[in-house]
Every structure is written in C-alpha cells, then in structure tokens.
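Here's the letter readout for the chains.
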Amino acid sequence: NAGVTQTPKFQVLKTGQSMTLQCAQDMNHEYMSWYRQDPGMGLRLIHYSVGAGITDQGEVPNGYNVSRSTTEDFPLRLLSAAPSQTSVYFCASSTTSGSSNFGPGTRLLVL
Amino acid sequence: DQQVKQNSPSLSVQEGRISILNCDYTNSMFDYFLWYKKYPAEGPTFLISISSIKDKNEDGRFTVFLNKSAKHLSLHIVPSQPGDSAVYFCAASDPWRNNNDMRFGAGTRLTVKP
C-alpha cells in the first residue's frame, strides 16, 4: 500500500501560470480533500470530495479547481497562479470514520 | 476566523517528563476532535481522537482530555521521548455538517530534550 501519493514534491511557478497538483490513493477511500498549510495558520481546507463525481468547496476555495473522475485520483488545479498561493499543499483521504491519511505534501512557490 | 486555537506555538520538555499540549475551540457544533503529529517534510499523521460523548481517550503514552463546557482539549504525552519532537495539530469537525471538513489549529512545536 502506497497510501496517499502527491506529485510533484516541489514546484516553482511564475504569476499567471497554471498547473495541476496530482494526488492519488490506493486505499479505496470515499473522501478526499486538499489542504494548504501556511505559517501560523494551520491547515485550511480548499476543496473536498465525498466520492467520484462529487466535489465541494472548503474554507479557502478561490483560485483552485478540482475534479474527481475516479475513486483513486483527486487533482488540484491552479488556473492562474498568484504569489498568495505560495504554500505547502496536502492531499488527504479518509473513510467515514473521520481520521485522514495525508500525503507528503507539495511545496509551491509562486514568483 | 480561527475556530480552533493552539495558543502555544512551542513547548520544550525534558525526556521522561509529561508533555501537555492545549487546544481551544469556539464552535459548539464541533463533535469530533483529533490530534495529528507532523515531522518536517512529511504529511501529518493521525495520533488520537475523541468524540464529544467522552471526556478522555487513552492510547499508550498518549491521552486526550475533552472539556466540552470549556471548549478545551488537551493532549498528554507520558513519558515524553525525543522521537516525540514534532509539530502537533489539533483538529475538530462537525460530523452532522461535514465529517470531512476539519478545522485545524496553527500547531504547537514540541521539543523533547534528551
């Protein structure tokens, strides 16, 4: 079991560029979510999905899009990167019990 | 607004002593609370949880206490070990609204000195 995997581990973008952060899990979890971690802010929920074909917004969704075409994959898209999106991004998956398995994170720097 | 607060950014304790990490929350609808541990360059890992029907949950060296009236929970680590040095995040969710929407505190960096 690989658990939750994320690619890339690190990315540098210029303002206005777009990119997709990849997330995959092999535990057959229904729930998947994306968080961002900023200094002094803890982790904040961006978007989440309760199953294939179903997504919803979290606490800080602006500037990000998601889709969930399969149970395993939950990519996060930045349409037009801004310096405010410099952060560490974590993908997570869980069952209905509540505790989440997190991926190793993607460190994103937007210049 | 930060609904989950960890007011101590850091804590340092001696190996073998007790570590007490505190967490306060403001949303009375939170019904399920979790602690995660995070090492540098890794994702958070689940440590222990407690639901609002309990006031204590224990797992080995880790115990979480919940005081619903005070909207306060704490994580006790006894005895503390150098390997416990990490950032600890408190999280809370409202299962009736969305079990997947966890609100996290800013974290407390624990350093256990040998």
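All values derive from a computational prediction rather than experimental measurement. Residues take numbers from 1 onward in each chain, read along the sequence in its written order. Written order determines the labels here, with chains lettered from A and ligands numbered from 1. Totals for whole chains, interfaces and linings use all residues, but because this is a predicted model, local features are given only for residues with pLDDT of at least 70 and pairs of side-chain atoms are given and counted only at 80 or more. As a rule here, side-chain values come from all non-hydrogen atoms in the structure, and water together with hydrogens is ignored.

Every helix listed is a DSSP run of H or I at least four residues long, and every strand listed is a run of E at least two residues long, numbered separately from the N terminus. Along the backbone of chain A there are zero helices and 11 strands. The N-to-C order of helical and strand elements in chain A reads β-β-β-β-β-β-β-β-β-β-β. Relative to its length of 111 residues, chain A is compact, with a C-alpha radius of gyration of 13 Å against a globular reference of 13 Å. Along the three orthogonal principal directions, the C-alpha set of chain A runs to about 40 × 25 × 25 Å. Contact between two residues is taken to exist if any of their heavy atoms lie within 4.5 Å; hydrogens are not considered. Considering only intrachain contacts with a sequence separation of at least 6, the fraction spanning at least 24 residues in chain A is 53%. Summed over all atoms, the accessible surface of chain A reaches about 5,000 Å², with 50% contributed by carbon and sulfur. Positive residues here are Lys and Arg, negative ones are Asp and Glu, while His and the chain termini are left out of the count. The atom standing in for a charge is NZ when the residue is Lys, CZ when it is Arg, CG when it is Asp and CD when it is Glu. Charge separation in chain A, taken as the distance between the mean sites of 7 positive and 7 negative side-chain charges, equals 13 Å. With the radius of gyration taken over C-alpha atoms, the globule rule is written as 2.2 Å times the number of residues to the power 0.38. Accessible surface area values rest on a Shrake-Rupley calculation with a 1.4 Å probe, where residue burial reflects the displayed protein chains alone.

Let us look at the sheet that holds strand 3 (residues 19–25) of chain B. Residues and elements named next belong to chain B. The criterion for strand pairing is that DSSP finds at least two bridges linking the strands in question. One open sheet accounts for five strands, arranged 1-3-8-7-6; its pairing is antiparallel. The sheet is open, and its two borders are formed by strand 1 (4–5) and strand 6 (56–59), each paired with just one other strand. Sheet topology places strand 6 next to strand 7 (residues 62–67); four bridges connect them, and they run antiparallel. From the neighbouring strand, Lys56 faces strand 7, where its bridge partner is Phe65.

Attention now goes to a nonpolar patch on the surface. Every patch collects residues that have over 30% relative accessible area and no salt bridge, joining them within 9 Å if they carry like charges and within 5 Å if they are nonpolar side chains (Val, Leu, Ile, Met, Phe, Trp, Tyr). A carboxyl oxygen of Asp or Glu within 4 Å of a side-chain nitrogen of Lys or Arg is what we treat as a salt bridge. Judged by side-chain polarity, A:Phe10, A:Val12, A:Leu109 and A:Leu111 come together as a nonpolar surface patch covering roughly 360 Å² of accessible area. Note on A:Val12: relative accessible area 37%, which makes it partly exposed. We call a residue buried when its accessible area falls under 20% of the maximum for its residue type, exposed when it is over 50%, and partly exposed in between, using a 1.4 Å probe and counting protein chains only.

Right, let's talk about the packing of aromatic side chains for a bit. Within 6.5 Å between ring centres, the rings of Phe, Tyr and Trp (the latter by its six-membered ring) count as paired, and their orientation is classed by plane angle as stacked under 30 degrees, edge-to-face over 60, tilted in between. Here the structure, examined in full by the defined rule, presents 11 aromatic pairs over all chains. Centroid distance A:Phe90 to A:Phe102: 6.5 Å. Interplanar angle 85°. Geometry classified as edge-to-face. Taken together, the positions of A:Phe90 in strand 9 (residues 87–94) and A:Phe102 in strand 10 (residues 100–102) put the pair 12 residues apart, joining distant regions of the chain. Both residues of the pair, A:Phe90 and A:Phe102, belong to the buried class. Arranged with centres 5.4 Å apart and planes meeting at 90°, the rings of A:Phe102 and B:Tyr36 form a pair that is edge-to-face. With one member in each of two chains, A:Phe102 in strand 10 and B:Tyr36 in strand 4 (residues 32–38) form a pair that bridges those chains. The exposure class assigned to A:Phe102 is buried, which follows from its relative accessible area of 10%. Grouped by ring-pair contacts, the aromatic residues A:Tyr35, A:Phe90, A:Phe102, B:Tyr36, B:Phe46, B:Phe89 and B:Phe104 constitute a single cluster.

Moving on to the interface of chain A and chain B. With 23 residues of chain A in contact, the opposing surface of chain B contributes 20 residues. Buried area between chain A and chain B, both sides added, is near 1,700 Å², and the carbon and sulfur share of it is 53%. Buried area: the sum, over both parts, of the accessible surface (1.4 Å probe) that disappears when the two are put together. If you sort the residues of chain A by the area they bury against chain B, A:Leu43, A:Glu59 and A:Phe102 come out on top, with a joint share of 26%. The tally of links from chain A across to chain B stands at one salt bridge. A salt bridge links B:Arg103 to A:Glu59; the shortest N-O distance between them is 3.6 Å.

Another point: the side chain of A:Ser100. Inspection of the secondary structure assignment puts A:Ser100 in strand 10. When sequence neighbours within four positions are dropped, the list of residues in contact with A:Ser100 reads A:Ala92, A:Ser93, A:Ser94, B:Tyr36, B:Phe46 and B:Met102.

Residue and element names in this part refer to chain A. Examined against the element boundaries, Ser49 turns out to sit in strand 5 (residues 42–51). In this structure Ser49 comes out as buried when scored by relative accessible area, which is 0%. Sequence separation between Ser49 and Glu72 is 23 residues, and the spatial gap between their C-alpha atoms is 11 Å. A polar contact of 2.9 Å, which involves the side chain of Ser49, links it to the backbone oxygen of Gly51. Each polar contact in these results corresponds to two N or O atoms within 3.5 Å; when the atoms are within protein, one needs to be able to donate a hydrogen and the other to accept it, and residues that are neighboring in sequence are counted only if both atoms are side-chain atoms.

With that settled, the discussion passes to the pattern of salt bridges. All names here are of chain B. According to the stated counting rule, one finds five salt bridges over all chains in the structure shown. Across the pair Lys37 and Asp84 runs a salt bridge, and its minimum N-O distance is 4.0 Å. One end of the pair, Lys37, is in strand 4; the other, Asp84, is in the loop between strand 8 (72–77) and strand 9 (86–94), with 47 residues separating them in the sequence. With relative accessibility at 2%, the residue Asp84 sits in the buried group. Here Asp84 makes a salt bridge to Arg61, at a shortest N to O gap of 2.8 Å. Here Arg61 lies in the loop between strand 6 and strand 7 and Asp84 lies in the loop between strand 8 and strand 9, a separation of 23 residues in the sequence.

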